[in-house]
Amino acid sequence: MTTPNKTPPGADPKQLERTGTVREIGSQAVWSLSSCKPGFGVDQLRDDNLETYWQSDGSQPHLVNIQFRRKTTVKTLCIYADYKSDESYTPSKISVRVGNNFHNLQEIRQLELVEPSGWIHVPLTDTHKKPIRTFMIQIAVLANHQNGRDTHMRQIKVYTPVEESSIGKFPRCTTIDFMMYRCIR
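Residues numbered from 1 in each chain as written. Predicted model: local features only at pLDDT ≥ 70, side-chain atom pairs only at ≥ 80, totals over all residues. Heavy atoms only, no water.

- Under an unreviewed UniProt entry, the name given to the chain is Anaphase-promoting complex subunit 10, and the source organism is Bucco capensis.
- Per UniProt, the comment on the chain under Sequence similarities (unreviewed entry) is "Belongs to the APC10 family." (UniProt positions renumbered as here; feature names shortened; annotations may be inferred.)

Structure (structure tokens):
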């Protein structure tokens, strides 16, 4: 069991994007759910509105499947949960699994959430603290607070590290000879 990196309530993962070190790649994936009530599905989970949510409609575990078309580097998963609004619908135990497809998923994190309120940042790293490379991420809600049956998740974001480009990283030209040839035509 690991404890997720909690941010202060309301801390927005878009602050990570503003640093220029990560970017959100959820739009590049195909999302599916194990179940949902009509009008409370993937669209609400990905609409950037903290007032809307996915609501499951079936037996546990409740699953969110995120599949990429090619092997993708993933650094962080951000989940928004709000115990005050959702009470018994709030997840209390979550499993994060990765793999190439549904048949070879491996659990890499299991989280215990105690009345979460705000963004939960879950680092997805291997044993060497490097971001994982995967075709698929599965988030499984194993239990809810107060033994609730269905679950609410308000938002999920998936982040990849931004690779630095070597273009534009030339040494400074300090002599007249270098300056003469500093631009490429």
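Having put the structure on the table, let's press on.
## Some remarks on the sheet that holds strand β3 (residues 29-33)
Next, step 1: Ordered by their spatial adjacency, five strands build an open sheet running β3-β5-β10-β7-β8, and the pairing between neighbours is antiparallel. Two strands close off the open sheet at either side, each with one partner strand: β3 and β8 (106-112). Between one strand axis and the next, the sheet turns by 15° as a mean value, whatever way the strands run. (Pairing = 2+ DSSP bridges. Helix = DSSP H or I, 4+ residues; strand = E, 2+ residues; numbered from the N terminus. Axes fitted to C-alpha atoms, helices over the stretch in contact; angles between N-to-C directions.)

## Structural notes on unusual backbone geometry
Next, step 1: For the bond running from Gln60 to Pro61, omega is 0°, close enough to zero to count as cis.
Next, step 2: Assignment of secondary structure puts Pro61 in the loop between β4 (54-55) and β5 (62-74).
Next, step 3: Look at Glu87: it is not a glycine, yet its phi comes out positive at around 45°.
Next, step 4: Locating Glu87 in the fold gives a position in the loop between α3 (83-86) and β7 (91-99).

## Observations concerning the pairing of strand β12 (residues 155-161)
Next, step 1: With six of seven residues buried, β12 is to be regarded as a mostly interior element.
Next, step 2: Summarising the sheet, strand β2 (residues 22-24) and β12 pair through three bridges and their orientation is antiparallel. Opposite Glu24, over in β12, you have Tyr159 as the bridge partner.
Next, step 3: As defined by bridge partners, strand β6 (residues 76-82) adjoins β12 across five bridges and the pair is classed as antiparallel. Its bridge partner lying in β12, Cys78 is registered against Lys157. (Buried < 20%, exposed > 50% of the residue type's maximum accessible area, 1.4 Å probe, protein only.)

## So, the layout of surface pockets
Next, step 1: Here the largest pocket is characterised by a volume of approximately 300 Å³.
Next, step 2: Lining the largest pocket are 14 residues; nearest its centre among them are Arg23, Gln28, Arg70, Thr72 and Thr73.
Next, step 3: Elements that contribute at least two residues to the lining of the largest pocket include exactly β5 and β12.
Next, step 4: Sort the elements by how many residues they give to the lining of the largest pocket and β5 lands first, with six residues.
Next, step 5: Residues of the lining of the largest pocket, tallied by class, amount to four nonpolar, four polar and six charged. (1 Å grid on protein atoms, 1.4 Å probe; cavity = no way out; pocket = protein on both sides within 12 Å on 5 of 7 lines; lining within 4 Å. Points joined across faces, edges and corners; volume = space filled by probe spheres on them. Nonpolar A, V, L, I, M, F, W, Y, C, P; charged D, E, K, R; others polar.)

## Let's talk about the nonpolar core
Next, step 1: Formed by 28 residues in total, the largest nonpolar core has its most connected members in Ile66, Ile137, Ile139 and Ile156.
Next, step 2: Excluding residues that lie within four positions of it along the chain, Ile137 makes contacts with Val64, Asn65, Ile66, Phe68, Val74, Val96, Arg97, Val98, Leu124 and Val158. (Core = buried A, V, L, I, M, F, W, Y, C linked by side-chain atoms within 4.5 Å. Contact = heavy atoms within 4.5 Å.)

## Some points on the packing of aromatic side chains
Next, step 1: By the definition in use, this model includes two aromatic pairs.
Next, step 2: Here Phe40 and Tyr53 contribute two aromatic rings whose centre-to-centre distance is 5.2 Å and whose plane-to-plane angle is 25°, an arrangement assigned as stacked. Of this pair, Phe40 sits in the loop between β3 and α2 (42-45) while Tyr53 is found in the loop between α2 and β4, placing the two residues 13 residues apart along the sequence.
Next, step 3: You can call Phe40 partly exposed: its relative accessible area is 28%.
Next, step 4: Residues Tyr80 and Trp119 carry aromatic rings whose centres are separated by 5.3 Å and whose planes lie at 70° to one another, so their mutual orientation is edge-to-face. (Phe/Tyr/Trp six-rings, centres within 6.5 Å; stacked < 30°, edge-to-face > 60°.)

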